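# Descriptive structure summary
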Amino acid sequence: MSVSEAAYPPPPPSSWAQQIRAAAAEGHFCDAVSLFLRMRASAAPRSSVPASLPAALKSCAALGLSALGASLHALAIRSGAFADRFTANALLNLYCKVPCSYLDSTGVAIVDVPGSSTAFESVRKVFDEMIERDVVSWNTLVLGCAEEGRHHEALGFVRKMCREGFRPDSFTLSTVLPIFAECADVKRGLEVHGFAFRNGFDSDVFVGSSLIDMYANCTRTDYSVKVFDNLPVRDHILWNSLLAGCAQNGSVEEALGIFRRMLQAGVRPVPVTFSSLIPVCGNLASLRFGKQLHAYVICGGFEDNVFISSSLIDMYCKCGEISIAHCIFDKMSSPDVVSWTAMIMGYALHGPAREALVLFERMELGNAKPNHITFLAVLTACSHAGLVDKGWKYFKSMSNHYGIVPTLEHFAALADTLGRAGELDEAYNFISKMQIKPTASVWSTLLRACRVHKNTMLAEEVAKKIMELEPRSIGSHVVLSNMYSASGRWNEAAHLRESMRKKGMKKDPACSWIEVKSKLHVFVAHDRSHPWYDRIIDALNAFSEQMAREGHVPNTEDVFQDIEEEHKSYVLCGHSEKLAIVFGIISTPAGTKIRVMKNLRVCIDCHTVTKFISKLADREIVVRDANRFHHFKDGNCSCGDFW
């Protein structure tokens, strides 16, 4: 006797349908299906079929039994049960969830095969043939349409539903709102919100959750918070939905404020809470918040959660604390591919590239299988260390040993490796012969390498290709203009800048920022607006005098203006990272680690000066630029002067 037969002995003929419905209602879908098949094999009255078909169809949908579901559809047609609204609605639900198609020309339902109608077309056929419809019927049709990505049609059905006298309910609204969320159409979302408010649905938890997500996707977290605050009941799902919305929009402080409110309300965090919050702390200015969250993780006993640990590793790596990240990684009993990849990428970005490769080899010997992101991290490590042979080796092993097809990012990473190492011709040939058509971003890696290695002729050729792909590429115009200036070709540089002005193109100004005493200080080159500007310049001049006594001569290669050398030195003094670093030193106690972020690549002179300052001030200085992290200590940098 089977488990079902033991749990559900043969009922009296009149109660088959009752037991099938009860099993389905309790979520015992296998038992419900088994009972239905036993009923069909018994001498049960024919009236049992229509009464039990909705529950049987619901169970088939839950279990993904496409073949049986198709057979039940045919049975519904033969028995006349299809005329019943509940049976027809159950069929609609089945076709929304299970890949089978209904061929109405023959009245037979079959399992989906290549070339047959899509699941939604089957839903539509069932809907069109229904004798009686209700709100559930319309909602299922709208849901099926939305899940197929037919957003315009879904909204059209909602309008038609209203015209035919059916009033949308909370399910309708919570189905439609994600469409506006995906399209970031806040105007239409506001209209639905207004309808919900006028019809008393705004306090519904499902509508409220959908509104929170919709406004967050439309970058209106202020509206998300208002919706949340107006809900009479807030469960942990709503709290975490609001947290995720604030986090995905980069509103770190707002998200942490919601988190504190959540704790005060007595709602206990769950793993997804930290998985949403921790990643948004992945910049130098948010390290303090990240450490607070880490403390909550420890107090809440979530340290063994592999997803949270992976988020913490990634956060600390992005905040410049590679040693803390490694400690967390070492404590993991069974790191997954995300953890391995986060740690490898951390080493790749912080300087010790060879440690990244050693870690990758350890990963290969373990249970975790590297994926395409892991290989991107490995190739990044090779690029930042100039390991050309290693780069080729790992690039080839992706497909040869792991069956991973290289993506555009992998090609760009290897091209960057070749370019940084000075293999410009090889990089050019590699990009030209790529299996994927190279984009402007791939060519841009070579253009930057041409600038570093001062190959203006090749830079002109590469810039031409970039401008053909992206005529308004600001970066390529700026790099080529700067190269013309560096080689004394002032007329060409002026002509290119004039062309940019006519096109309305403006380059991003260089800026750096640092957090001191919980306040973010932003510096733009030669910006005198900071209240400590005079003190910063005095301190910077003092460091300059000390450096001069030790033989430092300002490197003016990156001053792309036709001015005297003396004035070029003055220009260098106003670079944003120098202002931020010196401000950090004079505004914090001795021995405090300085953390600075910059939106562009650190120039040669600033890199040299920061090495000097780290030794003269006896400070560890961490600078995160557009390419990588630089850890300055005792006059040295973790990048080994290769960046």
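First things first, this report covers the structure right here in the doc. Just so it is clear, the model here is predicted, and its values are computed rather than measured.

What follows deals with the pattern of salt bridges. Applying the stated criterion across every chain yields a total of 18 salt bridges. A salt bridge links Asp 128 to Arg 124; the shortest N-O distance between them is 3.1 Å. Remark: Arg 124 and Asp 128 occur in helix 7 (residues 119–129); sequence separation between them is four residues, near one turn of the helix. Take Arg 124: its relative accessible area is 27%, and that puts it in the partly exposed class. Among the charged side chains, a network of salt bridges with common partners joins Glu 321, Lys 593, Arg 595 and Glu 620.

Bringing the packing of aromatic side chains into the picture now. Evaluation of the coordinates by the stated rule reveals 19 aromatic pairs. The interplanar angle of 75° and the centroid separation of 5.0 Å between the aromatic rings of Phe 329 and Trp 340 together place this pair among those described as edge-to-face. One end of the pair, Phe 329, is in helix 19 (residues 322–331); the other, Trp 340, is in helix 20 (residues 337–350), with eleven residues separating them in the sequence. Relative to Phe 395, the ring of Trp 392 lies with its centre 6.4 Å away and its plane at 90°, an arrangement referred to as edge-to-face.

Our next topic: the packing of helix 2 (residues 16–25) against helix 4 (residues 48–63). In the contact formed by helix 2 and helix 4, the axes pass within 8 Å of each other and the chain directions differ by 15°. Between helix 2 and helix 4, the crossing angle belongs to the class labelled roughly parallel. Note that helix 2 runs across helix 4; the crossing there is left-handed. Counting all contacts with helix 2, which are made through Trp 16, Ala 17, Ile 20, Arg 21, Ala 24 and Ala 25, the residues of helix 4 involved are Ser 48, Ala 51, Ser 52, Ala 55, Ala 56, Lys 58 and Ser 59. By residue class, the composition of the contact of helix 2 with helix 4 is eight nonpolar, three polar and two charged.

Position of Pro 45 among the secondary structure elements: in the loop between helix 3 (29–41) and helix 4. Residue class for Pro 45 comes out partly exposed when judged on its relative accessible area of 32%. C-alpha separation for the pair Pro 45 and Ala 377, spaced 332 residues apart in sequence, amounts to 66 Å.

Conventions used here
Residues numbered from 1 in each chain as written. Predicted model: local features only at pLDDT ≥ 70, side-chain atom pairs only at ≥ 80, totals over all residues. Heavy atoms only, no water. Salt bridge = Lys/Arg side-chain N within 4 Å of Asp/Glu carboxyl O. Helix = DSSP H or I, 4+ residues; strand = E, 2+ residues; numbered from the N terminus. Buried < 20%, exposed > 50% of the residue type's maximum accessible area, 1.4 Å probe, protein only. Phe/Tyr/Trp six-rings, centres within 6.5 Å; stacked < 30°, edge-to-face > 60°. Axes fitted to C-alpha atoms, helices over the stretch in contact; angles between N-to-C directions. Parallel < 35°, antiparallel > 145°, perpendicular 65-115°, else oblique. Left-handed = near helix turned anticlockwise from the far one by under 90°. Contact = heavy atoms within 4.5 Å. Nonpolar A, V, L, I, M, F, W, Y, C, P; charged D, E, K, R; others polar.

Geometric values such as these leave the question of function open.
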